Amino acid sequence: MGRPNRWAMLSLGVAAQGAGCVFMYGLPFLLPALEAEHGLTLAEAGVIVGAPSAGMLFTLIAWGWAADRYGERIAMTSGLALATVFLGSAAFATHPAVLALLLGLAGAAGASANAASGRVVLGWFPKERRGVAMGWRQTAQPLGVALAGVIAPPALHLGGVRGALLAMTAICLVTTCCVGLMVVDPPRPETSAGTRSASPYTEPALWRVHAASMLLVVPQFATAAFALTYLVAERHWAAATASQVIAAAQLAGAGGRLLCGRWSDLAGSRVGPMRRLALVNAAVMLVLAMAVQAGNAAGSALLVAALVISMSGNGLAFTAVSELAGPAWAGRAMGAQNTGQNLIAAGTPPVLGALITHAGFGTAFALAGALALAASVATPGVPMIRRPVVRRPVSPD
């Protein structure tokens, strides 16, 4: 068998992660329908929206270990197949608690694509092209959310929440089949018998990238989770129009991830661009908060701009983490990266939903801007160059 095309492998990795992102991060498009069909408050509906991210918390590192140990294709295929089953079952749930549980299980299963698709990029692309390649891989989230924004209005119109969830299930099923049939695992570096790779977590820079990334999740989800609600409830947009605008912003964010990846390749650093973008993120979020608090019509345009900027730098952190961890630990490190981010992602909708209910959108956006500013400080200031892997003998016992 000849060497597979690396771009084809990347495309399959993007498709795998994108299929999961359709339901993991596209559920905010169902917020108004969830409130109406189940009689929920915004905070209660936010719990359901955050359920897949909560489910991911329990399995990301385990899926990363599975990808490190058994390969990317097996990890992605088995996880997506399970996610398809749970998501299809969730479509027929009638009680909000059961719906949240099944969506959480779907997120736990779909987490397999997060670490495994990152390993595909690390394994098939050289370092000088890895920023752009990881940027392509990170477009999976905005593209998945954009797809959710396109399919949600007609699916909701035809079948309500059940119809939307079944449409997401169909996407997951088709992607599972493609991944299982076509993905080829990248080559692995040879290791000597009786040795194991030293943990990369002795380096403080890796911990700091994790911390900065967690802080940057808040502005990303403050805009992604509540943009539709703000535009409809506060600015009186039609729900279909607001969904289309948000979907377009997701596509723009995907382009931003590619540009940031190219920027990091040219700069020879992932953290320099990451730190600067966090500062821009903070500035836009704080200006947005002031406009929203003042009731200024510019708040709508600023919200769309903040949505694009907040998601554009996501690939920088993942590339830095994979390079710091090295091939032997990449799956687990990216699993840890996703665990930290999804811990915050799961809590952001309900917490900010409650904050918005009591203090308004402006206060929530201001908090998100302050945390983006803190992320710029947390980002390490050293070049992200992986040191040579140190191997030590395994004890006989």
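Just above, that's the structure.
Structural notes, computed from the coordinates. (Residues numbered from 1 in each chain as written. Predicted model: local features only at pLDDT ≥ 70, side-chain atom pairs only at ≥ 80, totals over all residues. Heavy atoms only, no water.)

## Comments concerning the overall build of the protein
Assigned secondary structure in the protein consists of 16 helices and 2 strands. In terms of overall dimensions, the protein is globule-like: its C-alpha atoms have a radius of gyration of 20 Å, near the 21 Å expected for 397 residues. By principal-axis analysis of the C-alpha atoms, the protein measures approximately 65 × 45 × 40 Å. By the burial criterion, 57% of the 397 residues in the protein qualify as buried. In the protein, of all internal contacts separated by at least 6 residues, the share reaching a separation of at least 24 is 84%. Summing over all exposed atoms, the protein offers an accessible surface of approximately 15,500 Å²; the carbon and sulfur share of this is 69%. For the protein, the separation between the mean place of its 24 positive charges and that of its 13 negative charges on side chains is 8 Å. (Helix = DSSP H or I, 4+ residues; strand = E, 2+ residues; numbered from the N terminus. Rg over C-alpha atoms; globule rule 2.2 N^0.38 Å. Buried < 20%, exposed > 50% of the residue type's maximum accessible area, 1.4 Å probe, protein only. Contact = heavy atoms within 4.5 Å. Areas by Shrake-Rupley, 256 points an atom, 1.4 Å probe, with all protein chains shown as cover. Lys, Arg positive; Asp, Glu negative; His and termini not counted. Charge placed at Lys NZ, Arg CZ, Asp CG, Glu CD.)

## Section: helix α2 (residues 31-38)
Within α2, the full set of buried residues consists of Leu 31, Ala 33 and Leu 34. Buried positions in α2, seen along its axis, are confined to an arc of 160° and lie on one side of it. Those residues of α2 hidden inside the fold are in contact with α3 (42-56), α6 (96-110), α9 (140-182) and α10 (204-233). Phi for Gly 39, located one or two positions after α2, is positive at around 65°. (Arc of directions from axis to C-beta.)

## Considerations on the packing of aromatic side chains
Under the defined criterion, the tally for this structure stands at 7 aromatic pairs. Ring centres of Trp 65 and Tyr 70 lie 5.7 Å apart, and the angle between their planes is 85°; on these two criteria the pair is classed as edge-to-face. Relative accessible area serves as the criterion here: at 47%, Tyr 70 is assigned to the partly exposed category. The rings of Tyr 230, Phe 361 and Phe 365 are connected pair by pair, giving a single aromatic cluster. (Phe/Tyr/Trp six-rings, centres within 6.5 Å; stacked < 30°, edge-to-face > 60°.)

## A closer look at unusual backbone geometry
Despite not being glycine, His 236 has its phi angle at roughly 65°, a positive value. When you line up the elements, His 236 lands in the loop between α10 and α11 (239-267).

## Some details on the nonpolar core
Phe 23, Leu 34, Leu 99, Leu 103, Leu 165, Met 168 and Phe 365 are the most contacted members of the largest nonpolar core, which totals 120 residues. Broken down by element, this core gets its largest block of residues, 15 residues, from α10. In this structure Phe 365 touches Ala 222, Met 285, Leu 288, Ala 289, Val 292 and Leu 303, once residues within four positions along its chain are discounted. (Core = buried A, V, L, I, M, F, W, Y, C linked by side-chain atoms within 4.5 Å.)

## Observations regarding the packing of helix α15 (residues 330-359) against helix α16 (residues 361-378)
Direction vectors running N to C along α15 and α16 enclose 135°, while the axes themselves pass 7 Å from each other. Comparing the axis directions of α15 and α16 gives the class oblique. Contacts between α15 and α16 involve Leu 352, Leu 355, Ile 356 and Ala 359 from the former and Phe 361, Thr 363, Ala 364 and Leu 367 from the latter. Split into classes, the residues belonging to the contact of α15 with α16 amount to 7 nonpolar, 1 polar and no charged. (Axes fitted to C-alpha atoms, helices over the stretch in contact; angles between N-to-C directions. Parallel < 35°, antiparallel > 145°, perpendicular 65-115°, else oblique. Nonpolar A, V, L, I, M, F, W, Y, C, P; charged D, E, K, R; others polar.)

## Looking at the packing of helix α8 (residues 127-138) against helix α14 (residues 314-325)
Their axes nearest at 9 Å, the elements α8 and α14 cross at an angle of 130°. By the angle between their axes, α8 is oblique relative to α14. The interaxial crossing formed by α8 with α14 has right-handed handedness. Where α8 abuts α14, its residues Lys 127, Arg 130, Gly 131, Met 134, Arg 137 and Gln 138 lie against Asn 314, Gly 315, Phe 318, Thr 319, Ser 322 and Glu 323. Per-class residue counts for the contact of α8 with α14 are 2 nonpolar, 6 polar and 4 charged. (Left-handed = near helix turned anticlockwise from the far one by under 90°.)

## Looking at the pattern of salt bridges
Following the criterion strictly, the structure yields 3 salt bridges and no others. Ionic pairing is found between Arg 270 and Asp 265, a salt bridge with its closest N-O pair at 2.9 Å. Here the two residues Arg 270 and Asp 265 agree in accessibility, since each one is buried. With its nearest N and O atoms 2.7 Å apart, the salt bridge here joins Glu 323 to Arg 270. Pair noted here: Glu 323 is in helix α14 and Arg 270 is in the loop between α11 and α12 (271-293), with a separation of 53 residues, a long-range link. Neither Glu 323 nor Arg 270 differs from the other in exposure class; each is buried. The structure contains a network of salt bridges with shared partners spanning Asp 265, Arg 270 and Glu 323. (Salt bridge = Lys/Arg side-chain N within 4 Å of Asp/Glu carboxyl O.)

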